[in-house]
Amino acid sequence: ADTQTGNIPQSVSSTCMACHGMTGIAPQGAMFPDLAGQWAPYLVKQLDNFRSHTRADPMAKAIMWGMAASLTPAQVQHVADYYSKQIPAKGKMVNQKLAAAGKKIFEGGISNKQVPACMACHGPTGLGDPPLFPRLAGQRQAYVVLQLNYFKKGLRTNDPHAIMRYVASRLSEAQITELATYVRSL
Ligand code: HEM
Ligand code: HEM
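If you check the shell around ligand 2, you find 23 residues, and the closest are P116, C118, C121, D159 and L179. Breaking the shell around ligand 2 down by element, the ones donating at least two residues are α6 (119-122), α7 (141-152) and α8 (163-169). In terms of residue class, the shell around ligand 2 is made up of 18 nonpolar, 3 polar and 2 charged.

To continue, consider the domain arrangement of the chain. Split into domains, the chain comes out as domain 1 (4-84) and domain 2 (96-185). Elements with a contribution of two residues or more to the side of domain 1 that touches domain 2: α2 (40-52) and α3 (58-69). Among the elements that take part in the side of domain 1 that touches domain 2, α2 stands out by supplying 3 residues, more than any other. When grouped by side-chain class, the residues that make up the side of domain 1 that touches domain 2 number 10 nonpolar, 4 polar and 3 charged.

We now examine the site of ligand 1. Of all residues adjacent to ligand 1, which total 24 residues, the nearest are C16, C19, M59, A60 and M67. Counting residues per element, the ones that place at least two in the shell around ligand 1 are α1 (10-20), α2 and α3. Broken down by element, the residue count for the shell around ligand 1 peaks at 6 residues, all from α1. Per-class residue counts for the shell around ligand 1 are 18 nonpolar, 4 polar and 2 charged.

Where α2 contacts helix α4 (residues 73-84), the two axes come as close as 8 Å, and the packing angle between them is 140°. Of the possible angle classes, the one that applies to α2 and α4 is oblique. Note on packing geometry: the crossing formed by α2 with α4 is right-handed. Within the contact between the two elements, α2 uses A40, L43, V44, L47 and D48 and α4 uses V76, Q77, A80, D81, Y83 and S84. Of the residues assigned to the contact of α2 with α4, the class counts are 7 nonpolar, 2 polar and 2 charged.

Before going further, it helps to spend a moment on the nonpolar core. Grouped together as the largest cluster of nonpolar side chains are 21 residues, with contacts concentrated most on L148, L179 and V183. Of all the secondary structure elements, the ones that give two or more residues to this core are α5 (96-108), α7, α8 and α9 (173-185). Apart from the residues lying within four places of it in its own chain, the contact partners of L179 are G102, I105, F106 and L148.

With that out of the way, let us pick up the environment of D57. With respect to the helices and strands, D57 occurs in the loop between α2 and α3. In this structure the C-alpha to C-alpha distance between D57 and T157, which are 100 residues apart in sequence, comes to 7.9 Å. Those residues in contact with D57 that sit more than four places away from it in its chain are Y150, L155 and R156.

Let us now look at unusual backbone geometry. Omega for the bond connecting P130 with P131 falls within 30 degrees of zero, at 5°, which places this linkage in the cis form. Despite not being glycine, Q114 shows a phi value in the positive range, around 55°. The topology assignment puts Q114 in the loop between α5 and α6. Overall, the presence of 10 C-beta atoms within 10 Å leaves Q114 in the exposed class. One non-glycine residue, H161, lies in the positive phi region at around 60°. Here H161 lies in the loop between α7 and α8. On the basis of neighbour counts, which here come to 8 C-beta atoms within 10 Å, the residue H161 falls in the exposed class.

Reading the values: rules and limits
- Residues numbered from 1 in each chain as written.
- Chains lettered and ligands numbered in written order.
- Predicted model: local features only at pLDDT ≥ 70, side-chain atom pairs only at ≥ 80, totals over all residues.
- Near = placed C-beta within 6 Å.
- Helix = DSSP H or I, 4+ residues; strand = E, 2+ residues; numbered from the N terminus.
- Nonpolar A, V, L, I, M, F, W, Y, C, P; charged D, E, K, R; others polar.
- Domains from an automatic or database assignment.
- Axes fitted to C-alpha atoms, helices over the stretch in contact; angles between N-to-C directions.
- Parallel < 35°, antiparallel > 145°, perpendicular 65-115°, else oblique.
- Left-handed = near helix turned anticlockwise from the far one by under 90°.
- Contact = placed C-beta atoms within 7 Å.
- Core = buried A, V, L, I, M, F, W, Y, C linked by C-beta atoms within 7 Å.
- Buried ≥ 20, exposed ≤ 12 C-beta atoms within 10 Å, placed from the backbone.

If you want it as structure tokens, here you go:
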């Protein structure tokens, strides 16, 4: 049932907030993604992918498969709409030097490794572009590092046309850290 606490879907307040926060801002220092301000169609796709087991990286399997399994399609839509309307966290500058290096790749790619500019799909300031391209601006650094490594190692395979697997497979560990630091600062 879709009972509500104010405007908050009951499925959010009871189940998801421990890791994603009541308003979609994840607790500090964890691997949980912020969901606030993320595009609803992207959130629906991810929840559907957890439910169908097409997003099958280790953390998805360990945690999100179980969480998403109990949601009805109506609740998936409801939860996605709710989180998409929350105010995203403000960007946080953690390290200027790493962020500057990340910005270069984000905006210009790496031509000798055939890495396209991230901004071609995720937007010049990381706001994303629905329905396919998620917002990255302000996203948790540890989560972004984790996902880029999952793509790089072929553990997360729900990206359309394997585009993120292609991109991430050409990034070094250092470049992944730089990109995650930059994205967090946006
Ligand atoms: C990822 C929603 C409960 C931990 C995600 C994502 C969504 C989501 C949409 C993908 C985000 C993205 O791709 O940017 C929800 C909803 C929940 C819920 C609607 C409640 C029904 C929880 C709980 C935990 C948790 C309770 C912790 C125990 C995680 C983790 C990830 C994640 C670790 C990353 C998974 C990965 O690396 O593949 N969640 N979540 N979630 N969530 Fe949840
Ligand atoms: C997803 C980073 C380039 C298309 C993601 C995610 C990250 C990311 C961290 C996961 C978001 C989440 O889980 O919330 C980057 C970086 C790039 C880059 C750092 C540059 C080095 C691109 C390009 C494209 C693209 C050039 C398009 C040609 C996508 C798509 C998804 C995605 C479609 C969603 C996959 C899904 O549906 O699960 N990207 N990206 N990205 N990215 Fe990128």
